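Close look at the chain arrangement
So you can see what is in the structure, the chains are spelled out below.
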Amino acid sequence: MTLVTNRTLLDAAARGGYGVGAFNVADLAMATAVLDAARATASPVIVETLAGSHPYGDDRLWWSLLHEAVAAYPDVPVALHLDHGPDEETCARAVAAGFTSVMIDGSVGPDGRPAGFEENVAVTRRVVEHAHAHGVSVEGELGTIGGSKDGRSHAEIVLADPEQAEEFVRRTGVDALAVAIGTSHGAYKFTSPPDGSVLHMDLVERIAARVPGTHLVMHGSSGLPADLRATINAHGGDLPESWGVPDAEKARAAGLGVRKINQGMDHYMAFTAGVRVALAQSPGDVDPAAYLAEGRRWAQRLLEERMALFGQAGRAADVVAQEAAAPR
């Protein structure tokens, strides 16, 4: 077993009452860190990437490299997911390229501002029809996750509405739904530790009760570890103090019904810290193999911790059993 759909992974997680980390990757070093962590912890895992957010020539090359990497881990149940597909064309390209799950982010219009509900429903429904015809899962978004996905544009937070969530799911047929509960993308999330006035966990409970057949997703859930920030800054970095989502809140979200937990900045920070430390320890080294390998090792350690936190560690067998029992 290698590639499965998000629906397959998240159905198993729902039965087991745990969350599955969806880890953004931008190059092969990060992708193999995720896959090695999943293998080491016997975890099912979601490997996800953003269109255009990588150092390679174009999406076609990067996406083919991702497929090659995943194929090298036949013992790891993996969903390959396009994160925040900006439009139908990008989602269709990902489906054609063999992704097993795509996200259409219809919550934001072409101008970067929050889109209207009807506009979001319409584009999401079209993507669902196309993707489902090819056996691919679809994630939609309701409300707007704050911060920056790409380090350039910044979105305001618009909280999800439980009644709209129920209607959205009914009219679109999405397999998973990202709900805005106050989290934020990027490396600069909150200026003080977030509490109940910032993270609206009550929305998770209320929405989960209205859409029991659809898997909820929490975006922008990196914790921004202070020790990694300190290490980066001690080795030439300049990250300002910022707080992310506390580990306890992520674990709590999984207990309330969130099945897919998106992470990016935590393992990016770990990777960067490892690279900076390696370069500082060997200032005359210009071979990227050594310092990139150290960054990968730092990232893998953190990823293993996250997989244990979310509850997916040791659960790869759940997906294997589910696939074996599925009608053929």
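Thresholds, definitions, all that
- Residues numbered from 1 in each chain as written.
- Predicted model: local features only at pLDDT ≥ 70, side-chain atom pairs only at ≥ 80, totals over all residues.
- Heavy atoms only, no water.
- UniProt positions renumbered as here; feature names shortened; annotations may be inferred.
- Buried < 20%, exposed > 50% of the residue type's maximum accessible area, 1.4 Å probe, protein only.
- Polar contact = N/O pair within 3.5 Å; in protein donor to acceptor, adjacent residues only side chain to side chain.
- Helix = DSSP H or I, 4+ residues; strand = E, 2+ residues; numbered from the N terminus.

The protein chain carries the name Alpha-1,2-mannosidase in an unreviewed UniProt entry, which gives Cellulosimicrobium funkei as its organism.

**Thoughts on the UniProt feature "binding site: Zn(2+) 2" (unreviewed entry) in the protein chain**
UniProt records the feature "binding site: Zn(2+) 2" (unreviewed entry) for Asp105 and Glu141 in the present numbering. With the annotated positions falling across 37 residues, the maximum pairwise C-alpha distance of 5.7 Å places them together in a single cluster. Take Asp105: its relative accessible area is 5%, and that puts it in the buried class. Looking at Asp105, its side chain comes within polar contact range of the side chain of His84, at 2.8 Å. Considering the arrangement of structural elements, one finds Glu141 in strand E5 (residues 137-142).

**Thoughts on the UniProt feature "active site" (unreviewed entry) in the protein chain**
The positions that UniProt labels "active site" (unreviewed entry) are, in the present scheme, Asp83. Tracing the backbone through its elements, the reader meets Asp83 in strand E3 (residues 78-85). Take Asp83: its relative accessible area is 3%, and that puts it in the buried class.

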